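Spelled out, the chains give:
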Amino acid sequence: MKKRIPENFIIGAGSSAWQTEGWKGKKEGQDSYLDTWYKNEKQVWHEGYGPGVATNFYERYQEDVDLMKEIGLTHFRTSINWSRFFIDYETLEVDEDYAAYIDRFVDSLIKAGVTPMLCLEHYELPTYLQDKYDGWSSKKVVALFTQYAEIVFDRYADRVKYWFTFNEPVVIQTRTYLDAIRYPHEQDTKKWMQWNYHKVLATAKVVEIYHRKNYDGQIGIVLNPEVTYPRSSSEADKKAAEMYDLFFNRIYLDPLVKGSYPEELFPLLKKHGIQFDYTKEEIDSIAHNTVDYLGINLYYPNRVKAPSYQWNEQTPFHPAYYYDHFELPGRKMNKSRGWEIYPQMMVDFGMRIKNDYENIPWIVTENGMGIEDEERFMDSNGVVQDDYRIEFISEHLNCLIEVTEAGSNCKGYMLWAFTDCVSPMNAFKNRYGLVRIDLNNNRDRSLKKSAFWYKNLIESRTFEV
Ligand code: BG6
């Protein structure tokens, strides 16, 4: 069956600064949180490849822009690397070399007819701010981020009309302070909550500036809500799903879209001894500065059940007090990444936005398929035959269009990723791109089968399902 893409529905692709740029031109002291993680944890590099060269987008962006034009992409999302934007993070002396590079690639995108969408932080917190202020634990970092945003808008907002404050703001502190898999390897739920709260506050402050100074465009945030399904319709399982949703989804969606935190959240945290720092003025600022639109990253569904283990009074509080993860028997999987494939989540999430979140405009900023050892699918002409990716995109796009036609205010679909790129957890192990990066051959680019398919989809505005 042929499916038609609605008029004006954006079809694009994305990446991020840190995952593509490489370290060429990076000055001493300009490390980001993830640079430091990669420097300290050599095992996360993939066969010696990592962020050092990445895809060398810094020097080779023009080739990528040419390929975007060839494929017909109308929109491309990436980030500005906060850790490289300044020579001094306190005086906010801009690194003019880096800023000029942003100018060049933004201009080149526009010239090619590709609309740029920029995010201010895609895991690129400067290590300096992490070390000096304990990162997002500090209100000083909220203030510095707000100033950074204003400087960036003053330079680029005349040409860039789509902005996001953060990409997946919940992730870093969840890995660090809930899962404790990153330094300092200590669980600290209070700090986790403080970071979440400060990122919401920072978004409100940036939205306030963006609206007050009347830049011509839209300001939003990229979230990764996990569409959460209970194992069964039992009250206990449903409660587990509700609690997961509260701690990981509503903690951002509610304040950023509706202007207020879920009523039950702060008392619940207090009950568990999690008393973080907030003021009435800040809560007011959050109430008055909600986002214009949402970027939504959706890869896999989340399934939970009632918790099976006993917590004792001495255990420090963790949201998993209320849920346990659950694996659906017989589920369809992307085995490389260990993620379930369930396109219906697009429909369920779209209806949620329509019914619970004022039908705010939203766009899928990430969805895609990371495949390990993808070279094995290369044909004799050197083209990766990624039919699995084509199937994955068709199924998800089909559901997304279905929910858009049912009235959810979705504005488009951006595939992750335009080219293969470095993943925060395992470098180039899983390949996501429409465009292959040849690691053994100077990071040369070549189109995969999915890129030709995407080109046809964009040209014909239809695809087969
Ligand atoms: C998203 C991130 O969570 O998932 C990207 O915004 C990331 O930065 C993508 O690359 C895919 O996940 P991973 O861990 O396989 O790279």
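- With an unreviewed UniProt entry as reference, the protein is termed Beta-glucosidase, source organism Carnobacterium alterfunditum.
- Looking at the Sequence similarities (unreviewed entry) heading of the UniProt record, one finds this comment for the protein: "Belongs to the glycosyl hydrolase 1 family."

### Observations concerning the overall build of the protein
Line of reasoning, step 1. Each helix and strand in the protein was counted, giving 15 helices and 21 strands.
Line of reasoning, step 2. Taken over C-alpha atoms, the radius of gyration comes to 21 Å for the protein, in line with the 23 Å a tight globule of 465 residues would show.
Line of reasoning, step 3. Structurally, the protein occupies a C-alpha span of about 60 × 55 × 45 Å along its principal axes.
Line of reasoning, step 4. In the protein, buried positions account for 47% of the 465 residues.

### Quick word on the sheet that holds strand S6 (residues 115-121)
Line of reasoning, step 1. Judged by pairing direction, the barrel is parallel, and its 8 strands sit side by side in the order S2-S3-S6-S7-S8-S10-S15-S17 before closing back on the first. The sheet shows a mean angle of 25° between the axes of neighbouring strands, taken without regard to direction.
Line of reasoning, step 2. Relative to S6, strand S3 (residues 75-79) is paired through 5 bridges, and the arrangement is parallel. Across the sheet, Ser79 pairs through a bridge with Cys119, a residue of S6.

### Observations concerning unusual backbone geometry
Line of reasoning, step 1. Following Trp416, the chain continues into Ala417 via a peptide bond in cis, with omega recorded as 10°.
Line of reasoning, step 2. Inspection of the secondary structure assignment puts Ala417 in the loop between strand S17 (410-416) and strand S18 (430-431).
Line of reasoning, step 3. For Asp134, which is not a glycine, the phi torsion comes out positive at approximately 60°.
Line of reasoning, step 4. Along the chain, the position of Asp134 falls in the loop between helix H6 (127-133) and helix H7 (139-156).
Line of reasoning, step 5. On the neighbour-count criterion, Asp134 (14 C-beta atoms within 10 Å) is partly exposed.
Line of reasoning, step 6. Positive phi, normally seen in glycine, also occurs at Glu358, with a value near 55°.
Line of reasoning, step 7. For Glu358, the position within the fold is in the loop between helix H13 (344-356) and strand S15 (362-366).

### Things to note about the site of the ligand
Line of reasoning, step 1. Neighbouring the ligand are 14 residues, the closest being Glu168, Gly370, Ser423, Met425 and Asn430.
Line of reasoning, step 2. Residue composition of the shell around the ligand, grouped by class: 3 nonpolar, 8 polar and 3 charged.

### With respect to helix H8 (residues 171-178)
Line of reasoning, step 1. Buried within H8 are the following residues: Ile172, Gln173, Thr176, Tyr177 and Leu178. Looking down the long axis of H8, one finds its buried residues gathered within 165° of arc, a one-sided arrangement.
Line of reasoning, step 2. Taken together, the buried residues of H8 touch helix H2 (33-40) and helix H9 (189-212).

### Focus: the sheet that holds strand S11 (residues 302-305)
Sheet strands pair by backbone hydrogen bonding; their relative direction is either parallel or antiparallel.
Line of reasoning, step 1. With mixed pairing, 3 strands are arranged side by side in an open sheet as S9-S11-S12. With one partner strand each, in any of the chains shown, strand S9 (228-230) and strand S12 (324-325) form the two edges of the open sheet.
Line of reasoning, step 2. With 3 bridges joining them, S9 and S11 adopt parallel strand pairing. By the bridge assignment, Thr228 is partnered in S11 with Asn302.
Line of reasoning, step 3. Contacting S9, S11 and S12, helix H10 (residues 235-258) crosses the sheet at an angle of about 165° to S9.

### Focus on the environment of Ala202
Line of reasoning, step 1. Here Ala202 is to be found in helix H9.
Line of reasoning, step 2. On the basis of neighbour counts, which here come to 26 C-beta atoms within 10 Å, the residue Ala202 falls in the buried class.
Line of reasoning, step 3. Sequence spacing of Ala202 and Ser285 is 83 residues, and the spatial spacing of their C-alpha atoms is 9.9 Å.

### Focus: the packing of H13 against helix H14 (residues 387-405)
Line of reasoning, step 1. Where H13 meets H14, the closest approach of the two axes is 7 Å, and the angle between their N-to-C directions is 25°. For the element pair H13 / H14, the angle class is roughly parallel. As H13 packs across H14, the resulting crossing turns out to be right-handed. Side by side, H13 and H14 meet where Gln344, Met346, Val347, Gly350 and Met351 of the first sit next to His396, Cys399, Leu400, Glu402, Val403 and Thr404 of the second.

Scoring rules and cut-offs
Residues numbered from 1 in each chain as written. Predicted model: local features only at pLDDT ≥ 70, side-chain atom pairs only at ≥ 80, totals over all residues. UniProt positions renumbered as here; feature names shortened; annotations may be inferred. Helix = DSSP H or I, 4+ residues; strand = E, 2+ residues; numbered from the N terminus. Rg over C-alpha atoms; globule rule 2.2 N^0.38 Å. Buried ≥ 20, exposed ≤ 12 C-beta atoms within 10 Å, placed from the backbone. Pairing = 2+ DSSP bridges. Axes fitted to C-alpha atoms, helices over the stretch in contact; angles between N-to-C directions. Near = placed C-beta within 6 Å. Nonpolar A, V, L, I, M, F, W, Y, C, P; charged D, E, K, R; others polar. Arc of directions from axis to C-beta. Contact = placed C-beta atoms within 7 Å. Parallel < 35°, antiparallel > 145°, perpendicular 65-115°, else oblique. Left-handed = near helix turned anticlockwise from the far one by under 90°.

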